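Next come the chains, spelled out residue by residue.
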Amino acid sequence: DLGDLGLAILPVLSPQLAAARGRLELHATIGGTPQRPDLKGEAAVRDGQVLITNRSELITDLWADFRLDETRITMDSLFARSGRRGTVRADGVIELEGARLGRYAFRLAMNEFTAVEPGLYAAEFDAPHLRVTDGPGVNGGTLPHVEGDITLRGARVLFDFANQSETQQLAARTQPLFWTYRVRLQANSNLRWQPPDGDVEFSADLTLEQTPKELNVFGDLNALRGAYDFLSNRFTIERADLTFDNVGGLNPVLDIVA
């Protein structure tokens, strides 16, 4: 019976977490052998906070309840908040292979969640039916893999794709990979590209796929309205269609009238 364990050890167990705090309660019995333990009981996380690695989003007010047995850890429920309105809910199962964690599968629902990459974008979205499973092996470990649909409530993209030096700097960034994903991103409106020289609102229907080796994008961005400044002249956007063909990477075919 452990009533007040700290969560600071979680980043050691999961590199997807940069920092964690809160309280873990564990009430269990253990038997068997070191290589094949027999664990039965319950665990709970209360008042948790976690910071995701390489992200600026802070997850707060985290509560979760688990059941433990010889073959699996079952997460009956998880609830957390992010920002003023964002919520996260999840449940799922981790299979146990002796004393090691094996395959896992979680259902994840995110509502009014805000994702921010300082200097690049800020986006608020709903993703009520995501699935997280054990994904590909990379550098001796296994990365989580996320699949599902994301509906964009609104986004501001500040990155200037027309600035070749900025594009080259972004392409040259090397960061460790902590998860893979394949998600469909949809937006009817309110996806705004706002570089220093313009403000264009788009709709979007894109599939984004992060593999261990590359980021693939395919689908369409279609301008709804906007303006762009070029050579001291302001152009009103009449049509701007961007088509990603999953061949040229982040290098879409452009069809623009202004």
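Notes on the structure in this doc start here. No experiment lies behind these values; they were computed from the predicted model shown. (Residues numbered from 1 in each chain as written. Predicted model: local features only at pLDDT ≥ 70, side-chain atom pairs only at ≥ 80, totals over all residues. Heavy atoms only, no water.)

A few points about the overall build of the protein
And step 1. Helix and strand content of the protein: two helices and 15 strands.
And step 2. In terms of overall dimensions, the protein has C-alpha extents of about 75 × 35 × 30 Å along its principal axes.
And step 3. A burial count over the protein gives 36% of its 258 residues as buried.
And step 4. For the protein, long-range pairs separated by at least 24 residues make up 42% of all intrachain contacts whose partners lie at least 6 apart in sequence.
And step 5. Accessible surface, the protein: about 15,500 Å² in total, of which carbon and sulfur atoms supply 53%.
And step 6. Within the protein, the 36 negative side-chain charges are centred at a point lying 3 Å from the centre of the 26 positive side-chain charges. (Helix = DSSP H or I, 4+ residues; strand = E, 2+ residues; numbered from the N terminus. Buried < 20%, exposed > 50% of the residue type's maximum accessible area, 1.4 Å probe, protein only. Contact = heavy atoms within 4.5 Å. Areas by Shrake-Rupley, 256 points an atom, 1.4 Å probe, with all protein chains shown as cover. Lys, Arg positive; Asp, Glu negative; His and termini not counted. Charge placed at Lys NZ, Arg CZ, Asp CG, Glu CD.)

A closer look at unusual backbone geometry
And step 1. Residue Glu-112 is not a glycine yet carries a positive backbone phi of 50°.
And step 2. Along the chain, Glu-112 turns up in strand β7 (residues 100-117).
And step 3. Residue classification places Glu-112 among the partly exposed residues on the basis of a relative accessible area of 26%.
And step 4. Of note in the backbone geometry, Ser-232 takes a positive phi value of approximately 65° without being a glycine.
And step 5. Within the secondary structure layout, Ser-232 lies in the loop between β12 (215-230) and β13 (233-236).

Looking at the packing of aromatic side chains
And step 1. Throughout the structure, instances matching the rule amount to three aromatic pairs.
And step 2. Aromatic side chains Tyr-104 and Phe-106 sit 5.9 Å apart centroid to centroid with 40° between the ring planes, which places their arrangement in the tilted category.
And step 3. Judged by relative accessible area, Phe-106 falls into the buried class, the value being 18%.
And step 4. With a centroid separation of 6.0 Å and an interplanar angle of 15°, the aromatic rings of Trp-193 and Tyr-228 are classed as stacked. Here Trp-193 is found in strand β10 (residues 180-193), whereas its partner Tyr-228 is found in strand β12, with 35 residues between them in sequence.
And step 5. Looking at Trp-193, the relative accessible area reads 16%, which means it is buried. (Phe/Tyr/Trp six-rings, centres within 6.5 Å; stacked < 30°, edge-to-face > 60°.)

Some remarks on the pattern of salt bridges
And step 1. Under the counting rule described, the total for this entry stands at 20 salt bridges.
And step 2. For the salt bridge of Glu-201 with Arg-225, the shortest nitrogen-to-oxygen distance reads 2.5 Å. Of the two residues, Glu-201 is situated in strand β11 (residues 198-210) and Arg-225 in strand β12; the sequence distance between them amounts to 24 residues.
And step 3. Three or more residues joined by partner-sharing salt bridges are found here, namely Arg-23, Glu-25 and Asp-47. (Salt bridge = Lys/Arg side-chain N within 4 Å of Asp/Glu carboxyl O.)

A short note on the pairing of strand β6 (residues 86-97)
And step 1. Where strand β5 (residues 72-82) lies against β6, nine bridges are found, and the strand directions are antiparallel. The partner of Phe-79 across the bridge, within β6, is Arg-89.
And step 2. Linking β5 back to β6 in an antiparallel pair, the connection comprises three residues, with Gly-83 at a positive phi of about 70°.
And step 3. The sheet contact formed by β6 and β7 spans 10 bridges and is antiparallel. (Pairing = 2+ DSSP bridges.)

Here's the deal with the side chain of Thr-74
And step 1. Relative to the helices and strands, Thr-74 is located in strand β5.
And step 2. Thr-74 has contacts with Asp-65, Phe-66, Arg-67, Gly-92 and Val-93, leaving out every residue within four places of it along the chain.

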